[in-house]
Amino acid sequence: MYGNYNRRNIGLQFFRDDLIFVAKPILFMSAVKEIHVNGRLQEINAEGERTLLSVLREDLDLTGAKYGCGEGQCSACTVLVDGVPTRSCLTSVSEIEGRKIATIESLEKEGHLHPVQQAFLDHEALQCAYCASGMILSAVGLLQKNPNPSEAQIVRGMNGNICRCGTYQRIIAAIKDAAKTLKTGAA
Amino acid sequence: MNLGEPIESVEMSGNFSESENSFEPDQYELREALPYRFDLDRRHFFKILGCGVVTLFLADEVFGQESGSRSRGRNNQRPQDISAWLHIGEDGIVSVFTGKVEVGQNVRTSLTQAVAEELHVSVDSIRLTMADTALTPYDAGTFGSRSTPDMGSQLRMISALAREALVDLAVDHFKTGRGDLSAADGKIVRKDATESVSYADLARGRQLVRSATAVDLVPASRWKVAGTSVRKVNGRACVTGGHKYTSDLKLPGMLYGKVLRPPTFGASATSVDTAAANAIPGVTVVHDGMFIGVTAPNSQTATRALEAIHAEWTSQPQISSAELFEHLKKTARQGGGGFNLGSVETGLAEAEHKLEQTYTIAYIAHAPLEPRAALADWENGKLKVWTGTQRPFGVRSDLAKAFGISEENVRVIAPDTGSAYGGKHTGEAAIEAARLAKAVGKPVKLVWTREEEFTWAYFRPAGVIEIKSGVRKDGVITAWEFHNYNSGGSGIRTPYEIAHQKIESHSADSPLRQGSYRGLAATANHFARESHMDELASALKLDPFDFRMKNLREPRLRAVLEAAAKAFGWGKSTPAKDHGFGISLGAEKGSYLATCAEVFLDRDREAVKVTRAVVAFECGAVVNPDQLKNQIEGALMMGIGGALFEAIQFEKGKIKNPHFAKYRLPRFSDSPQIEVVLVNRTDLPSAGAGETPIVGIAPAISNAIFAASGVRLRSMPMAPQGLKI
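For clarity, every value in this text was computed on a predicted model and none was experimentally measured. (Residues numbered from 1 in each chain as written. Chains lettered and ligands numbered in written order. Predicted model: local features only at pLDDT ≥ 70, side-chain atom pairs only at ≥ 80, totals over all residues. Heavy atoms only, no water.)

Okay, empty space enclosed by the protein next. Under the definition given, this model contains seven cavities of 30 Å³ or more. Approximately 50 Å³ is the volume attributed to the largest cavity. Lining the largest cavity are Q127 and C128 of chain A together with E102, V103, G104, K232, N234, C238, H243, Y245, D416 and T417 of chain B. Across the lining of the largest cavity, the residue classes break down as four nonpolar, five polar and three charged. (1 Å grid on protein atoms, 1.4 Å probe; cavity = no way out; pocket = protein on both sides within 12 Å on 5 of 7 lines; lining within 4 Å. Points joined across faces, edges and corners; volume = space filled by probe spheres on them. Nonpolar A, V, L, I, M, F, W, Y, C, P; charged D, E, K, R; others polar.)

The subject of this paragraph is the interface of chain B and chain A. By a widely used convention, the size of an interface equals the accessible area lost when the partners come together. Taken together, the contacts link 65 residues of chain B with 63 residues of chain A. Of the roughly 5,300 Å² buried between chain B and chain A on both sides combined, carbon and sulfur atoms contribute 49%. The interface formed by chain B and chain A includes nine salt bridges. As a salt-bridge pair, R304 of chain B and E49 of chain A come within 3.7 Å of each other at their nearest N and O atoms. At the junction of chain B and chain A, the tally comes to 44 residue pairs in polar contact (both at pLDDT 80 or more). Contributions of two or more residues to the side of chain B that touches chain A are made by α6 (235–239), β9 (255–259), α8 (299–307), β20 (444–447), α17 (625–645) and β30 (673–678) of chain B. Of the residues assigned to the side of chain B that touches chain A, the class counts are 22 nonpolar, 26 polar and 17 charged. (Contact = heavy atoms within 4.5 Å. Buried area = accessible area lost by both parts, 1.4 Å probe. Salt bridge = Lys/Arg side-chain N within 4 Å of Asp/Glu carboxyl O. Polar contact = N/O pair within 3.5 Å; in protein donor to acceptor, adjacent residues only side chain to side chain. Helix = DSSP H or I, 4+ residues; strand = E, 2+ residues; numbered from the N terminus.)

Turning to the packing of helix α11 (residues 392–403) of chain B against helix α12 (residues 428–440) of chain B, a few remarks are in order. Residues and elements named next belong to chain B. Where α11 contacts α12, the two axes come as close as 10 Å, and the packing angle between them is 40°. Relative to α12, the element α11 lies oblique. As for the relative orientation of α11 and α12, their crossing is right-handed in sense. Contacts between α11 and α12 involve V395, D398, L399, A402 and F403 from the first element and A430, I431, A434, R435 and K438 from the second. Across the contact of α11 with α12, the residue classes break down as seven nonpolar, no polar and three charged. (Axes fitted to C-alpha atoms, helices over the stretch in contact; angles between N-to-C directions. Parallel < 35°, antiparallel > 145°, perpendicular 65-115°, else oblique. Left-handed = near helix turned anticlockwise from the far one by under 90°.)

Moving on: the sheet that holds strand β23 (residues 477–485) of chain B. The pairing of strands in a sheet comes from backbone hydrogen bonds and takes either a parallel or an antiparallel form. Residues and elements named next belong to chain B. Ordered by their spatial adjacency, six strands build an open sheet running β14-β24-β23-β22-β15-β31, and the pairing between neighbours is mixed. Each having just a single partner strand, β14 (338–341) and β31 (715–716) make up the two edges of the open sheet. One ladder, built from two bridges, connects strand β15 (residues 353–361) with β31; its direction is parallel. Counted as the bridge partner of T360 is S715 from β31. Against the sheet, helix α9 (residues 324–331) makes contact with β15, β22 (463–471) and β23, and its axis sits at roughly 75° relative to β22, the strand it touches most. (Pairing = 2+ DSSP bridges.)

Attention now goes to the pattern of salt bridges. All told, the structure shown has 54 salt bridges over all chains when counted by the stated rule. Among the salt bridges present, the one from D59 of chain A reaches R50 of chain A, with a minimum N-O distance of 3.0 Å. Its relative accessible area of 31% is what places D59 of chain A among the partly exposed residues. For R50 of chain A, a relative accessible area of 3% translates into the label buried. When the shortest N-O distance is used, the salt bridge between R605 of chain B and D602 of chain B registers 3.3 Å. The exposure class assigned to R605 of chain B is exposed, which follows from its relative accessible area of 65%. (Buried < 20%, exposed > 50% of the residue type's maximum accessible area, 1.4 Å probe, protein only.)

Residues and elements named next belong to chain B. Counting across every chain of the model gives 15 aromatic pairs over all chains. Between W85 and F97, the ring centres sit 4.1 Å apart and the planes meet at 10°, which makes this aromatic pair stacked. Of the two residues, W85 is situated in strand β2 (residues 82–89) and F97 in strand β3 (residues 94–98); the sequence distance between them amounts to twelve residues. Of the residues examined, W85 reaches a relative accessible area of 0% and is grouped as buried. (Phe/Tyr/Trp six-rings, centres within 6.5 Å; stacked < 30°, edge-to-face > 60°.)

The next point concerns the confidence of the model for chain B. Residues and elements named next belong to chain B. Of the residues in chain B, 90% reach a pLDDT of 70 or more, and the chain-wide mean stands at 91. For residues 1–39, every residue scores under 50 in pLDDT, and the model assigns this stretch 102 contacts once sequence neighbours within four places are set aside. The model gives residues 61–80 a pLDDT under 50, and that stretch makes 32 contacts with residues more than four places away or in other chains. (pLDDT = per-residue confidence, 0-100.)

This next bit is on the environment of G185 of chain A. Residue and element names in this part refer to chain A. Within the secondary structure, G185 is located in helix α5 (residues 168–186). The class for G185 is exposed, based on a relative accessible area of 63%. On a C-alpha basis, the gap between G185 and P115 in space is 9.4 Å, while along the polypeptide they are 70 residues apart.

Residues and elements named next belong to chain B. Taken across its seven residues, strand β17 (residues 373–379) has six buried, putting it largely inside the fold. Bridging between β17 and β20 involves four bridges; their strand directions are antiparallel. Looking at the pairing, A374 lines up with L446 of β20. Here β17 pairs with strand β18 (residues 382–387) via six bridges, running antiparallel. Residue pairing in the sheet places W378 in a bridge with L383 of β18. Where β17 folds back onto β18 in an antiparallel hairpin, the turn is made up of two residues, including N380, whose phi is positive at roughly 50°.

The next subject is the sheet that holds strand β8 (residues 207–211) of chain B. Residue and element names in this part refer to chain B. Pairing in this open sheet of five strands is mixed, and the strands run β4-β3-β2-β1-β8 from one edge to the other. The open sheet has two edge strands with one neighbour each: β4 (126–130) and β8. Averaged over all pairs of adjacent strands, the angle between strand axes in this sheet comes to 15°, irrespective of strand direction. Bridge analysis of β2 against β3 gives five bridges, and the strand direction is antiparallel. Paired with H87 across the two strands is S95, which belongs to β3. Helix-sheet contacts for helix α3 (residues 107–119) involve β2, β3 and β4, and the interaxial angle to β4 is about 135°.

The peptide bond linking M716 of chain B to P717 of chain B adopts the cis configuration, its omega dihedral lying at 0°. Along the polypeptide, P717 of chain B turns up in the segment after β31. Non-glycine residue E110 of chain A carries a positive phi angle of around 45°. Within the secondary structure, E110 of chain A is located in the loop between β5 (100–102) and α2 (115–122). By relative accessible area, E110 of chain A is classed as exposed at 78%. Even without a glycine there, the phi angle at K175 of chain B is positive, about 55°. Looking at the element boundaries, K175 of chain B is found in the loop between α4 (147–174) and β5 (181–184).

Let us look at the pairing of β3 of chain B. Residues and elements named next belong to chain B. Judged by how many residues are buried, β3 sits mostly within the fold: five of five residues are covered. The alternating pattern of β3 places V94, V96 and T98 on one face and S95 and F97 on the opposite face, and all of these are buried. The hairpin turn running from β2 into β3, its antiparallel successor, is four residues long, and G92 in that turn takes a positive phi close to 80°. Where β3 meets β4, five bridges bridge the pair, whose relative direction is parallel. In the sheet register, V96 faces β4, and the bridge partner there is L128. The parallel pair β3 and β4 is bridged by α3, and the resulting crossover is right-handed. (Right-handed = clockwise from strand over helix to strand, strands pointing away.)

Within the secondary structure, S419 of chain B is located in the loop between β19 (410–413) and α12. The exposure class of S419 of chain B is buried, given its relative accessible area of 0%. One polar contact links S419 of chain B to Y421 of chain B, side chain to side chain, over a distance of 3.2 Å. Look past the residues within four positions of S419 of chain B in its chain and what remains in contact with it is C128 and C165 of chain A together with V103, P368, L369 and K424 of chain B.

In this section: the nonpolar core. All names here are of chain B. One finds L644, I648, I701 and I705 to be the most contacted residues of the largest nonpolar core, which totals 145 residues. Here this core takes ten residues from α17, the largest share from any one element. For L644, the residues in contact, after removing those within four places along its chain, are V608, V610, I701, I705, P717, M718, A719 and P720. In this structure, M130, A131, L161 and Y199 belong to the second largest nonpolar core, which totals 46 residues. (Core = buried A, V, L, I, M, F, W, Y, C linked by side-chain atoms within 4.5 Å.)

Take a look at the structure:
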C-alpha cells in the first residue's frame, strides 16, 4: 500500500520537470528518527524504505495526502518538499531527511485559506475532492515557479494530476484566479 | 465466511415490461429492498439529539395515500417504514437523517438546499447525517439517479411539515391564528412584524413527533435557496485535508490488513506456506478456507508479509479480450423479449435506403480515485464498519450473512467517499477487513491497491450492438432493429418516431465480473444509435441536425437539440482543416441532452483531441445550477475516456493493464473547452442528473471524427492507440 518503492520507475509517462527524487539509487536503509513537517521537527521511528506517504498518513496522522495509485501517475499524494511538489508515494522517507515537507494541512494560516484553496472553493473545482490536496499543492508549486502561467502552461504543469470526476476546466479557472490573487497580494 | 464463492454473475432480466415507462430493465442496478422496520418509539429520536421537534417521512403512509390502494393508516399498530427524518433542536440546529451516500455528486449540498428551502432556515444551520445504518433510516442505495427525485422530495416534505408544526406551536405561543404567522430565517414571524419567535425557542422542552402527510411545498418557480448555486457544504474540509475519507480513518490499536489475491481469475490455492510471513514481527496471517490475509502494524509491513506467503495455484482456461465480442455473440441468449412496434420487414420494404452495422464497446473500469477501503472494529460480538460504498444497508446485510450474526449487530457507516460512479455497490473490503479484525481482536483498516481495484472490483459491461435500419429518401426512418448483446438495456429505446421497430437486449456470458456504471448501458446504446443516425444522415446527404429533427416529436428533446445547436453555432460555420463537428441526442432517467463536439485530428502525432464541447441539458427544475453544470462537465470528461481510450485488456484470467500507467484516464490535456446550456423547467419535477450527461459525448466525438476524416469508428474506445487517419 501507498506505493512500492522498488517499483518507483514503472511507466512514468507523465513526467513533470519539477518532479524530483525519481531515480536516485538508495544504497542503504536505516531507521529514520525525525522528519521536518509543516514547520515542526517530528519524531518518528520508520524504516527508511517506507514511503513518505505512508509515514505521513499512518505515523503522523496527516491524511490530507492520498493514496491513488502508488506509482506516481495520479499525484493525489503530492506534498511540497522544500517547496517543490513531490509524489510522496514514490519517495522513501530516508530521502527526505533534512528537507522541509509541507502538506495540505499547513496551507491554511490562522483561519485564512491559501488563495489556491479559496479559488478551488470559489470555482467549485471539487466533486468527490479526493484529488483536491494533490491538485492544490501542485498548483501552489506551479504558481511559485511561474506566477503568471498561460492556460497551456497550467495544462502542462498539472497534467500529472488526475481528477477522475473531471473538474479540469474548473481547476484551470481556479489556478488562473489564484494567480491573480497572489499577484495582488504580493503588490 | 462467504468469500470463496464465485463473484456474483449479473443476470439480465430480459423481460421488458410492456409499459413504455418501465422498459428499461436497469439490470445492473441492485434494487432489492430489505424489510427494515423502525419502531415508532419517540424516545429514539430524542435520546440522540435531545428535546425538539421531529418530523418523519413514512414511505408506506404517504405512498399508500397517494395511490389509494393501501389502507395502512396512522393508527395501525404495525411499525412503519421511515425513509427520512429531521430534528429541530433546542439550539435551533436542524439535524437531518438520510441513508443516501455522498460520492462526489454533491447530493449533501442539494439535499441541504431542499431542507433550507422548505424550512426557511439558513444552509449553515442544517446538519445532514448520511449513510449510517445505526442512525439513518433504511435506504436501498445511492444509484439510478434517484436521490434528487426521491430523497429530495421526501426531505422537502418533512421540512415543510416541520415548518407547519412550528407555526402550530407559534399559534399557542402568540395566542393568534395561523393566518397571522409566517416562517422566515429560522423564526415564526407575525404578519405585522412586531413579534417573532425562533425555532429554537419553540422547540425548547418539546418532544413533538409528526409524520408526513400531504403538505404544501414551495413551487420551483418561487424557490429562493433551492435553484441557486449553493457551494459544496463541506467544501472547506475538502480543500484543507480535513475531511476524513474511509481510507483516512484510524482507531486506537488499529492494524493494517491486506488480502492475498489469486494470480488469475477463478484460481484456487493448492498449497499455502505462511511460515515466513508469520515470522515477521507484528504480523498475523489469517487463513480461512479460500481467504488468506495478513495484518501488520503498518501498510508496508503488511505488503511485505503478503509477499512472503508462498502459494501454489491452479488456473483454468478463460476467454481473453481478443475473443470477447465473438464470445458474447456466441453465448447470447435469444428471445429475451424486448420492444416491438409494427413490423421491421414492412418498414424495410418501405425503405429506399437500408443500413446494417455493428458496434462494440469494451469493458472499462470505474477507477474511483479512492480505491475500496474499510475499517472494521468488533466489540462484544458487534461489528462496526466504515466503508466507501453506495449501498451501506446492503453491505450491512452482506456482513451479517458472512459472519452469521443478525443485522442489528452490524453497523455500517459510509463517510463521504472518494467517488464511485456505480462502482461501489459492493462491500468486498468491508468483509475482508471485518474477517481480519475478528481474527486479531483489534480494529483493522484495509485499503485496496490500485491494482486490486482494477482487478477485483467489477467493470462496465462490454457489448456488441447490431442495428438494421431503413430510411426513405426524404429522411423519414421507416425501420429500426436494434440488438444489444450483454451491455444492457438502459437507454436502448430510440427517441425518434419510427413506425416499425424491434429492440432487444440479450444477456450473454460475461467473462469478467461486470456491474453498474454511471449511466449503465445507456452510453453504449446511445453511441450505437446516434452513430447510426449519423450514418443514415450521411447516406442521404442530410444535415445530421435536420435529419434528427425530422424524425423527432418529443418537445423536450427538440428543445435541447435546438439549444445545443444554437450555442455551438451548428450550421453557421465550417470546421477548419482536420477539424470536424459532431452532434448527438439522448434521454435517460428523466434527463434530456444534446451534445455538440469539435475534434481536431492531429495527423503528425496520430492523435485525436476534442477541442470544444457544448451540452444542452434538461432535467426538470434545476436544484443547483452550478453543481449541475459541474456534474455535466465531469460526466463529459469521464465519457471522453470511454469514448477514446479506456479499455480493460485481459488474457488468460489476468487483467493486463491494471495501472494508471497502462490504463489511460482523461487528463487536463484531454479536456475540451466545455459550454453547458441548462434548460430549466421549473414546471417539471427535478430528475437526478449525475449519470445521464455521460451518454452524449462518445457519439458526438464519433460523428465529429467522421466529419473531419470520412472514417467511421464503431468501437469504443475509438482511438486506444491514437488515431492514424
